[in-house]
Amino acid sequence: MAQFYKAKPRKSQQTQAKQSFHVNQLDHLGAGIAEHQGKIVFIPGALPDETVTAQIVEQKKRHAKAKLIKVETASAARIEPCCPYYGRCGGCDLQHLELSAQRTAKQSALENLINKMGRTRPQAMSEPLSGEGWHYRRRARLATQYQRDTKRLNLGFRALASSEVVNIDACPVLAKSLSDLIAPLNQCLNRLSAKRSLGHVELLSVDSGPCVVLRITNPLNDKDKALLSAFGEQHEVRVVLLDDDSKLETLWGDEGLPFYTLEDGSRLGFSPGNFIQVNGEINQQMVTQAIDWLEVQPGERVLDLFCGVGNFTLPLAKAGAQVVGVEGVEAMVAQARLNGKSSGIEGAEFYHGDLSADLSGAAWLGRIDKLLLDPARAGAYESLQWLKKMKPKAIVYISCNPVSLARDCEPLLAQGYRLSRLGLIDMFPQTHHIEAMALFELDK
């Protein structure tokens, strides 16, 4: 009879006994950092200055990951999370840390990344851009999940490292008007005969008014549409359907595009699915600081890469610059042009282009005075290879991923730039997410 032996777990999979750790700091992903037997140990949920009991669940050559079992000695900055879904919902992961301590930890993590990975230090650290810690999100995408056993639809955010959707009735980081919609919307969606045909749900609260965008995979019947229309009328919220072909159908409310307005009067329309900054208060602070740091002078030529629908381009043009905005999504380029016209701005032009590709033939590539970058999480490494042709005197780099910002320091430093200023942008309080603004200036 053949014998079968269970394979010995690899070191990376082996677990160990529960043990005590002293936590020194947080990493840029919000996990506590401790040391054990010459290795760094990452412990999600643990805070600096805490003694915790944890169990190592993953071993690597130079580091390990541990599961938090119990906080033995709590940090003075540890607080009770206010959200009943915290720990199950995968959205927030720092509600257990007092807000000012969150920002201190994020700033420290940002400086450490730039120092170690970027191999540079800023000449000056700016005060963090920060605002309200709760009810700050003007936009959110909720997931749906049909439960075959109960024949009900869950509406909420996905659980951490899971495809399961945590059903929620409210969310304290969403704008209050959006949070209050979740429970009645959940009830309405569960009355639909086609609830299995619903994808994600986008909630918007911008200057054009609140809006619910329902992603559908199959057409809805008239009865379902009537239910959704009645919901929109009752709650005074625009209700829009978005199908597989990106076609929009407004069931209730204004049929125009949603829009938000900046302090300078620029009005930025956008389509559901277009990228906009979710924190309106911080977005305005970012725009103001970027223009201040670039010290735009009338007549200067400024290039805005990854320009979206013109969030920075239009204010830069209003400051007197001749601005060229470049964006990889063609529909957003068209919308940016419309936004410029509707805002009465003549000093901005927009181009569509793949900013990760060969740019040598791009019509807009050439000498400029200043450069603004607002890339996605992957960063702007490919675009920075063309600095020699652009030769800007100053570069403002807005980053939603400090790791890619640190990596992108290398081509900037290599081409003679210095990191003059660096500042934290606390776009997402209660989460580990770090955004930053950096000013690079050409050494003379």
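None of these values were measured; they are calculated from a predicted model. (Residues numbered from 1 in each chain as written. Predicted model: local features only at pLDDT ≥ 70, side-chain atom pairs only at ≥ 80, totals over all residues. Heavy atoms only, no water.)

### Observations regarding the UniProt feature "active site" (unreviewed entry) in the chain
Within this structure's numbering, the places UniProt gives as "active site" (unreviewed entry) are Cys 400. Looking at the secondary structure, you find Cys 400 in the loop between β20 (394–399) and α9 (402–414). Beyond its immediate sequence surroundings of up to four residues, Cys 400 is in contact with Pro 375, Ala 376, Arg 377, Ile 434 and Glu 435. (UniProt positions renumbered as here; feature names shortened; annotations may be inferred. Helix = DSSP H or I, 4+ residues; strand = E, 2+ residues; numbered from the N terminus. Contact = heavy atoms within 4.5 Å.)

### So, the domain arrangement of the chain
Domain boundaries in the chain define domain 1 (18–78), domain 2 (104–132 + 279–442) and domain 3 (139–259). Each of domain 2 and domain 3 has a C-alpha centre, and the two are 33 Å apart. (Domains from an automatic or database assignment.)

### A short note on the packing of aromatic side chains
This model, assessed by the stated rule, comprises one aromatic pair. Where Tyr 260 meets Phe 270, the ring centres are 6.2 Å apart and the plane angle is 50 degrees; that geometry is what we call tilted. Remark: Phe 270 occurs in the loop between β15 (267–269) and α4 (280–294) and Tyr 260 occurs in strand β14 (residues 259–261); sequence separation between them is 10 residues. Relative accessible area serves as the criterion here: at 3%, Tyr 260 is assigned to the buried category. Looking at Arg 138, its charged tip hangs above the ring of Tyr 260, at a distance of 4.3 Å from the centre. (Phe/Tyr/Trp six-rings, centres within 6.5 Å; stacked < 30°, edge-to-face > 60°. Buried < 20%, exposed > 50% of the residue type's maximum accessible area, 1.4 Å probe, protein only. Lys NZ or Arg CZ within 6 Å of the ring centre and 35° of its normal.)

### Considering the confidence of the model for the chain
When the pLDDT values of the chain are averaged, the result is 94; 97% of them are 70 or greater. Confidence over residues 1–13 falls short of pLDDT 50; this stretch has eight contacts with residues more than four positions distant or in other chains. (pLDDT = per-residue confidence, 0-100.)

### Focus: the sheet that holds strand β17 (residues 322–327)
One open sheet accounts for eight strands, arranged β6-β21-β22-β20-β19-β16-β17-β18; its pairing is mixed. One side of each edge strand has no neighbouring strand; the edge strands of this open sheet are β6 (124–125) and β18 (348–352). Sheet topology note: the β17/β18 ladder contains five bridges and is parallel. Note on β18: the bridge partner recorded for Glu 327 is His 352. (Pairing = 2+ DSSP bridges.)

### Notes on the pattern of salt bridges
Under the counting rule described, the total for this entry stands at 13 salt bridges. In this structure, Arg 215 and Asp 244 form a salt bridge, with 2.6 Å as the shortest nitrogen-oxygen distance. Placement of the pair is Arg 215 in strand β11 (residues 209–216) and Asp 244 in the loop between β12 (238–242) and β13 (248–252), with a sequence separation of 29 residues. Asp 443 is the salt-bridge partner of Arg 418, the closest N and O atoms lying 2.9 Å from each other. Residue Arg 418 is located in strand β21 (residues 417–425), and its partner Asp 443 is located in the segment after β22 (435–442); the two are separated by 25 residues in the primary sequence. Overall, the relative accessible area of 45% leaves Asp 443 in the partly exposed class. One connected set of salt bridges, linked through shared partners, spans Arg 103, Lys 106 and Asp 426. (Salt bridge = Lys/Arg side-chain N within 4 Å of Asp/Glu carboxyl O.)

### Notes on empty space enclosed by the protein
One pass over the full model with this rule turns up one cavity of 30 Å³ or more. There is about 50 Å³ of room inside the largest cavity. Lining the largest cavity, in full, are Leu 26, Asp 27, His 28, Gly 30, Leu 94, Gln 102, Ala 105, Lys 106, Ala 109, His 432 and Ile 434. Counting residues per element, the lining of the largest cavity draws most heavily on helix α1 (residues 99–116), at four residues. When its residues are assigned to classes, the lining of the largest cavity shows five nonpolar, four polar and two charged. When we break the lining of the largest cavity down by domain, the ones giving at least three residues each are domain 1 (18–78) and domain 2 (104–132 + 279–442). (1 Å grid on protein atoms, 1.4 Å probe; cavity = no way out; pocket = protein on both sides within 12 Å on 5 of 7 lines; lining within 4 Å. Points joined across faces, edges and corners; volume = space filled by probe spheres on them. Nonpolar A, V, L, I, M, F, W, Y, C, P; charged D, E, K, R; others polar.)

### Considering the sheet that holds strand β5 (residues 63–73)
With respect to topology, five strands assemble into a closed barrel ordered β1-β2-β3-β5-β4, the strand pairing being mixed. Along the sheet, successive strands turn relative to each other by an average axial angle of 50 degrees, direction set aside. In terms of strand pairing, strand β1 (residues 19–26) meets strand β4 (residues 51–59) through four bridges, oriented antiparallel. Residue pairing in the sheet places Gln 19 in a bridge with Ala 54 of β4. (Axes fitted to C-alpha atoms, helices over the stretch in contact; angles between N-to-C directions.)

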